[in-house]
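Residue strings, one per chain:
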Amino acid sequence: MPVVPLLDDAVIVPVTGQLTLAKARHIQQHVILQVHSMPGVNTVIMDFSGVTAILSHSEDALEKVYRSFKLLGIKTILTGVTPALSQKLVHSGTTVRVDRIYSTLKMAVSDLIKARG
């Protein structure tokens, strides 16, 4: 799973296909280390535009990803949640914890650039 530099202090992690427990654990074990090794990065945008389904038990691993980034002082933004995906999360009782949520990646990037002044 790539970590794509966006701005000096922000990266994008595009998540595609089914979000399985294995994929969520990969983010937990590898992506966090990658981001932490990038000097100056304080924001991670996890883009779910390409996610087709979130399988059970992966939600807990995502929560751990969020908490790990939080402990490292890194803000987490979620983008690209489709209506179908949001309904599935709501019906399953899953609470998605992130610092911000945007419907599109473009909106998140626009706000990051505006915040820079």
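Conventions adopted
Residues numbered from 1 in each chain as written. Predicted model: local features only at pLDDT ≥ 70, side-chain atom pairs only at ≥ 80, totals over all residues. Heavy atoms only, no water. Helix = DSSP H or I, 4+ residues; strand = E, 2+ residues; numbered from the N terminus. Buried < 20%, exposed > 50% of the residue type's maximum accessible area, 1.4 Å probe, protein only. Contact = heavy atoms within 4.5 Å. Axes fitted to C-alpha atoms, helices over the stretch in contact; angles between N-to-C directions. Parallel < 35°, antiparallel > 145°, perpendicular 65-115°, else oblique. Nonpolar A, V, L, I, M, F, W, Y, C, P; charged D, E, K, R; others polar. Pairing = 2+ DSSP bridges. Core = buried A, V, L, I, M, F, W, Y, C linked by side-chain atoms within 4.5 Å. Expected span 1.5 Å × (residues − 1). Arc of directions from axis to C-beta.

J.: Before we go on, may I ask you to explain the environment of alanine 24 in this structure?
T.: By the secondary structure assignment, alanine 24 is in helix 1 (residues 21–36). A relative accessible area of 0% places alanine 24 in the buried class. For the pair alanine 24 and glutamate 63, spaced 39 residues apart in the sequence, the C-alpha separation amounts to 9.6 Å. For alanine 24, the residues in contact, after removing those within four places along its chain, are Leu19, Ser58, Ala61 and Val65.

J.: How should the packing of helix 1 against helix 2 (residues 58–71) be read in this particular structure?
T.: In helix packing, the relevant descriptors are the interaxial angle and the interaxial distance, both defined with respect to the helix axes. Viewed as axis vectors pointing N to C, helix 1 and helix 2 meet at an angle of 10°, and their least axial separation amounts to 8 Å. In terms of orientation, helix 1 and helix 2 fall into the roughly parallel class. Between helix 1 and helix 2, the contacting residues are Leu21, Ala24, Arg25, Ile27, Gln28, Ile32 and Val35 on the first element and Ser58, Ala61, Lys64, Val65, Ser68 and Phe69 on the second. Grouping the amino acids of the contact of helix 1 with helix 2 by side-chain chemistry returns eight nonpolar, three polar and two charged.

J.: Whenever I open this one, the sheet that holds strand 2 (residues 10–19) confuses me. Can you help?
T.: Adjacent strands of a sheet pair through backbone hydrogen bonds, lying either parallel or antiparallel. Across the sheet, five strands lie side by side as 1-2-3-4-5; this open sheet has mixed pairing. Where the open sheet ends on each side, the last strands, each with one partner, are strand 1 (4–7) and strand 5 (100–102). Between one strand axis and the next, the sheet turns by 30° as a mean value, whatever way the strands run. Direction of pairing for strand 2 relative to strand 3 (residues 43–54): parallel, over a ladder of nine bridges. Residue pairing for strand 3: leucine 19 is matched across the bridge by isoleucine 54.

J.: Would you explain the nonpolar core in this entry?
T.: For soluble globular proteins, the rule of thumb is that nonpolar side chains tend to be buried together. Ranked by internal contacts, the top residues of the largest apolar core, which has 24 residues, are Val15, Leu19, Val35, Val44, Met46 and Phe48. If we ignore the near neighbours within four places in the chain, the residues touching phenylalanine 48 are Val15, Leu19, Ile54, Leu62, Leu78, Thr79, Gly80 and Leu85. By size, the runner-up hydrophobic cluster in this structure holds eight residues, among which are Ile12, Ile45, Val109 and Leu112.

J.: Whenever I open this one, helix 1 confuses me. Can you help?
T.: Along an α-helix, a turn takes 3.6 residues, which lines up residues three or four apart on a common side. With 16 residues, helix 1 should cover 22 Å at 1.5 Å per step; its first-to-last C-alpha distance of 22 Å lies within 8% of that length. Looking only at helix 1, the buried set comprises Ala24, Ile27, Val31, Ile32 and Val35. Along its buried surface, helix 1 packs onto strand 2, strand 3 and helix 2.

J.: Honestly, helix 4 (residues 105–115) in this entry has me stumped. Any pointers?
T.: Buried within helix 4 we find Ala108, Val109 and Leu112. Within helix 4, the buried residues cover an arc of 95° as seen down the axis, which keeps them to one side. Opposite the buried face of helix 4, by more than 90 degrees, sit the exposed residues Lys106 and Lys114. The elements touched by buried residues of helix 4 are strand 1, strand 2, strand 3, strand 4 (75–79) and strand 5. Once helix 4 ends, the next one or two residues include glycine 117, with phi positive near 95°.

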